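Residue strings, one per chain:
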Amino acid sequence: MKNLLPHAFKKIGWFILIPALFVGVGWLLLDADDNNKLFNWPVFALVSDPLFEENWQFAHFIQNNVLDELIALWILAGCVLVAFSREAVEDEYIMKVRLDSLLWATYFNCGALAFCILFVYDMAFYWVMIINLFALLLFFIVRFNWYLLKMKRGGES
Amino acid sequence: MKNTVKVERAKNDFTQAQLAEKVKVSRQTINAIESGDYNLSTVLALKIAAVFHTTVDAIFELEEKDW
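Just so it is clear, the structure is predicted and the values come from calculations on it, not from any experiment.

Residues and elements named next belong to chain A. In this structure, the largest pocket encloses a volume near 300 Å³. At the level of secondary structure, the elements contributing two or more residues to the lining of the largest pocket comprise helix 1 (8–30), helix 2 (67–83) and helix 4 (123–153). In the lining of the largest pocket, the residues fall into 13 nonpolar, 1 polar and 1 charged.

Another point: the packing of aromatic side chains. Residues and elements named next belong to chain A. By the definition in use, this model includes 11 aromatic pairs over all chains. Measuring from ring centre to ring centre gives 6.1 Å for W146 and Y147, while their planes differ by 75°; the resulting arrangement is edge-to-face. The class for W146 is partly exposed, based on a relative accessible area of 48%. Judged by its relative accessible area of 22%, Y147 falls in the partly exposed class. Chaining the aromatic ring pairs together yields one cluster made of F84, F140 and F144.

A few words on a nonpolar patch on the surface. Residues and elements named next belong to chain A. Taken together, the side chains of V25, L29, L30, M123, Y126, W127, M129 and I131 present a nonpolar region at the surface, about 870 Å² in accessible area. Looking at the nonpolar patch, the elements that each hand over two or more residues are helix 1 and helix 4. For W127, the location among the structural elements is in helix 4. Take W127: its relative accessible area is 36%, and that puts it in the partly exposed class.

A word on the confidence of the model for chain B. Low-pLDDT stretches of the model should not have their predicted coordinates read in fine detail. All names here are of chain B. In this model, chain B carries a mean pLDDT of 94, and residues with pLDDT of at least 70 account for 100%. Across chain B, the secondary-structure element scoring lowest on mean pLDDT is strand 1 (residues 2–3), at 93, and the one scoring highest is helix 4 (residues 42–51), at 97. This prediction of the complex comes with two scores: 0.89 for pTM and 0.88 for ipTM.

All names here are of chain B. With 7 of 8 residues buried, helix 3 (residues 27–34) is to be regarded as a mostly interior element. Here helix 3 has its buried residues at Q28, T29, I30, N31, A32, I33 and E34. Immediately beyond the C-terminal end of helix 3, within one or two residues, lies G36, with a positive phi of roughly 75°.

Another point: the side chain of Q28 of chain B. Looking at where Q28 of chain B falls in the secondary structure, it is placed in helix 3. Look at Q28 of chain B and you get buried, because its relative accessible area is 14%. Those residues within four positions of Q28 of chain B in sequence are excluded, and the remaining contacts are Y93, M151 and K152 of chain A.

With a phi angle near 55°, D122 of chain A is a residue other than glycine that sits in the positive phi range. We note that D13 of chain B has phi near 60°; this positive angle belongs to a residue other than glycine. Positionally, D13 of chain B belongs in the loop between helix 1 (5–11) and helix 2 (16–23). What makes D13 of chain B exposed here is its relative accessible area of 66%.

Reading the values: the criteria
Residues numbered from 1 in each chain as written. Chains lettered and ligands numbered in written order. Predicted model: local features only at pLDDT ≥ 70, side-chain atom pairs only at ≥ 80, totals over all residues. Heavy atoms only, no water. 1 Å grid on protein atoms, 1.4 Å probe; cavity = no way out; pocket = protein on both sides within 12 Å on 5 of 7 lines; lining within 4 Å. Points joined across faces, edges and corners; volume = space filled by probe spheres on them. Helix = DSSP H or I, 4+ residues; strand = E, 2+ residues; numbered from the N terminus. Nonpolar A, V, L, I, M, F, W, Y, C, P; charged D, E, K, R; others polar. Phe/Tyr/Trp six-rings, centres within 6.5 Å; stacked < 30°, edge-to-face > 60°. Buried < 20%, exposed > 50% of the residue type's maximum accessible area, 1.4 Å probe, protein only. Patch = residues over 30% accessible without salt bridge, like charges linked within 9 Å, V, L, I, M, F, W, Y side chains within 5 Å. Areas by Shrake-Rupley, 256 points an atom, 1.4 Å probe, with all protein chains shown as cover. Salt bridge = Lys/Arg side-chain N within 4 Å of Asp/Glu carboxyl O. pLDDT = per-residue confidence, 0-100. Contact = heavy atoms within 4.5 Å.

Below you can see the structure in the form of structure tokens.
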């Protein structure tokens, strides 16, 4: 498939994704956002308040702690590079495994989300929403790479 | 779909890796074809037949469950 990134990007993606996940989990656990003044920057916001509230504004500058945005973009970049870089030999069977894995990850993500909607409430659900930003790509990465590993172990008979 | 890729490979003294290199796929793909886990494309079937100097029909055969 032509719409994949070069194979070399996969290794770079792992170097970005693994530390990003540790930092992301740390950020969730420590709730470091409010404690860090270093990342309090003016940012351009298309929307920042709930729609159609009183004094609702479109496209304006606000002061915001951007640590969570930076971590989210860091994780997203790692996920995209790992998920959508070519394999060393990207043939028709690998492409089938890739598409099967994407479908599987989508179903699994929907199932996990439905479970959380039913059984997770209040602020804990905020965590679910944060994790779900990346869950589809992470499920895909795990399933696809696990399958590749299984294929590589399938020896010559 | 049944196939005799493994037999043809043995006749021609090719390893999976050698056949994979000739038809420009991964060794895992040849392994999946031989074990019946993957129904390959027409292009790849034609390439494999060409490498073994035979026809696609001679290597690949439909089974009842394919209908």
